[in-house]
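Examination of the molecular architecture
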Amino acid sequence: MPVLDDLPTPALLLDLDRLEHNLQAMADRCRRLGVELRPHLKTHKCVEVAERQRALGARGVTVSTLYEAHVFGDHGFTDITWAFPVPLGSIADARRLAERVTLRLFADGPEAVDALEASGFPFHVWLKIDCGYHRAGLDPSAPATLALARRVARSRTLHFDGLATHSGHAYNAVGCDSIRSVAETERRTVADLRGRLAAEGIAVSASIGSTPAMSCVEHLDGVQEARPGNYVFYDAMQLALGACGPADPAVTVLASVVSSQPGASHCVVDAGALALSKDAGHPGPAPTMGHIYGDYAVGDLLEDAHLTALSQEHGKVSTRLPVGTRVRILPNHSCLTVACFDEYHVVRGETAVDRWRIWRGRERTGPPVAASSC
Ligand SMILES: Cc1ncc(COP(=O)(O)O)c(C=O)c1O
């Protein structure tokens, strides 16, 4: 089996021990908090990882595109939530998938509910509620939100699954105390609204999600389900937030120094924006385009070398290293980094033990795929 030194660079490394640890820890945490785990697969886009989540008790899965929904439907996942405001032009395609798996859709306005009802198909619907992130979602205090919920509940065609929130603004908080307060507001917002509906005889579930919130929240009373995604890998952002430690991230980019000019104070590696993404990460006191591990096995990050700038294929490192040096980079945002690659090199220690496909397409074309890894 190849060792890391044999791999061509840039290569996306997935550390199996770390992955298994992160999967188990979140499964245990959800159990302790009394909620079902419906992991968001947008982070890894990988059948082999999703199968491990299912084996650990995940109740259904969450995806962010209809392409992902089709891929995981094709690979035997039969309960899929598409956690994105349903585009009206995708309803016909969604219906084709919903005829063979349980597909749950997000709506956050009357237009989507109208279109779903007009389709005549018994879609499962979650109403997306804004818990303070202010990206998408219905205002939980608006009378129109209650009116829409009553309408979905009384619909003769639609199944009203519940109320869903996403605390993306937990990424603006730093430290577990402030993340916990965002998480508690999210919990209270959705549990209160669920309670008001229950008082009218409308019994639905509440689903929340975000890795920082799930890492710090203390209790989830009134909530039935959680949809964290990033926890499988973590990254520099989660590290800066305090949602993980430096020995937790499971995904790194292996790169080689390709240019190191005499007299320069920097060098260049073969991992640029198309390997790491341009995500600027946490805007803290020490901004970086990527940390570099000195010793990945113990979670030791170099203090005197990090990525300062990325162009398409070039990554600029803050110090001069000899050409040929291989570095292991902790990306700012693992979800976007993964989407730059076609496959993971799955590693245990220094040995590459497997290669797993990343289903990063966007448009669905052609017949269903055979259920195999690459
Ligand atoms: C609707 C929704 N739910 C859940 C998640 C998972 O959040 P995280 O990646 O922080 O775990 C996301 C992430 O963007 C999301 O958009």
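This text goes with the structure placed above it.
Residues numbered from 1 in each chain as written. Predicted model: local features only at pLDDT ≥ 70, side-chain atom pairs only at ≥ 80, totals over all residues. Heavy atoms only, no water.

Because each turn of an α-helix spans 3.6 residues, side chains separated by three or four positions end up pointing in the same direction. Listing the buried residues of helix H4 (residues 91-98) in full gives Ile91, Ala94, Leu97 and Ala98. All buried residues of H4 lie within an arc of 115° about the axis, which places them on one face of the element. (Buried < 20%, exposed > 50% of the residue type's maximum accessible area, 1.4 Å probe, protein only. Helix = DSSP H or I, 4+ residues; strand = E, 2+ residues; numbered from the N terminus. Arc of directions from axis to C-beta.)

This brings us to the packing of helix H1 (residues 16-33) against helix H2 (residues 47-55). Between H1 and H2, the least distance of the axes is 10 Å, while the angle of their chain directions is 40°. Taken together, the axes of H1 and H2 lie oblique to each other. The handedness of the crossing between H1 and H2 is right-handed. In this structure, H1 contributes Leu16, Leu19, Glu20 and Leu23 to the contact, and H2 contributes Val49, Arg52 and Gln53. (Axes fitted to C-alpha atoms, helices over the stretch in contact; angles between N-to-C directions. Parallel < 35°, antiparallel > 145°, perpendicular 65-115°, else oblique. Left-handed = near helix turned anticlockwise from the far one by under 90°. Contact = heavy atoms within 4.5 Å.)

To continue, consider the state of the cysteines. Defined simply, a disulfide is a covalent bond joining two cysteines at their sulfur atoms. Taken as a whole, this structure holds one disulfide when the rule is applied. The side chain of Cys176 participates in a disulfide bridge whose partner is Cys216; the two sulfur atoms lie 2.2 Å from each other. What sets the handedness of the Cys176 and Cys216 disulfide is the S-S torsion sign, and at about -75° it is left-handed. Residue Cys176 is found in helix H7 (residues 176-199), and its partner Cys216 is found in helix H8 (residues 211-216); the two are separated by 40 residues along the sequence. (Disulfide = S-S within 2.5 Å.)

Turning next to the nonpolar core. Core analysis: the largest hydrophobic core is formed by 96 residues, its most contacted members being Leu19, Leu103, Phe123, Leu127, Ile329 and Tyr344. By residue number, the principal contributor to this core is H1, which donates six residues. Every residue in contact with Leu127, bar those within four places of it in the chain, is listed here: Ala107, Val113, Leu138, Leu148, Ala149, Val152, Phe160, Gly162, Leu163 and Ala164. (Core = buried A, V, L, I, M, F, W, Y, C linked by side-chain atoms within 4.5 Å.)

A cis amide bond, omega -5°, links Thr9 with the succeeding residue Pro10. Looking at the element boundaries, Pro10 is found in the segment before strand S1 (11-15).

Neighbouring the ligand are 13 residues, the closest being Lys42, Tyr171, Thr211, Arg227 and Gly229. For the ligand, an oxygen atom lies 3.1 Å from a polar atom in the side chain of Arg135. Measuring from an oxygen atom of the ligand, one finds a side-chain N or O atom of Tyr171 at 2.5 Å. When isolated, the ligand has an accessible area of 390 Å², and the protein chains bury 92% of it. (Near = heavy atom within 4 Å. Polar contact = N/O pair within 3.5 Å; in protein donor to acceptor, adjacent residues only side chain to side chain. Areas by Shrake-Rupley, 256 points an atom, 1.4 Å probe, with all protein chains shown as cover.)

Here we take up the pairing of strand S12 (residues 290-295). The side chains of a regular strand alternate, residue by residue, between the two faces of the sheet. Sheet topology note: the S12/strand S13 (residues 300-310) ladder contains four bridges and is antiparallel. Paired with His291 across the two strands is His306, which belongs to S13. Hairpin remark: S12 followed by S13, antiparallel, with four residues in the connecting loop; positive phi at Gly299, about 75°. With three bridges connecting them, S12 and strand S15 (residues 326-330) associate as antiparallel partners. (Pairing = 2+ DSSP bridges.)

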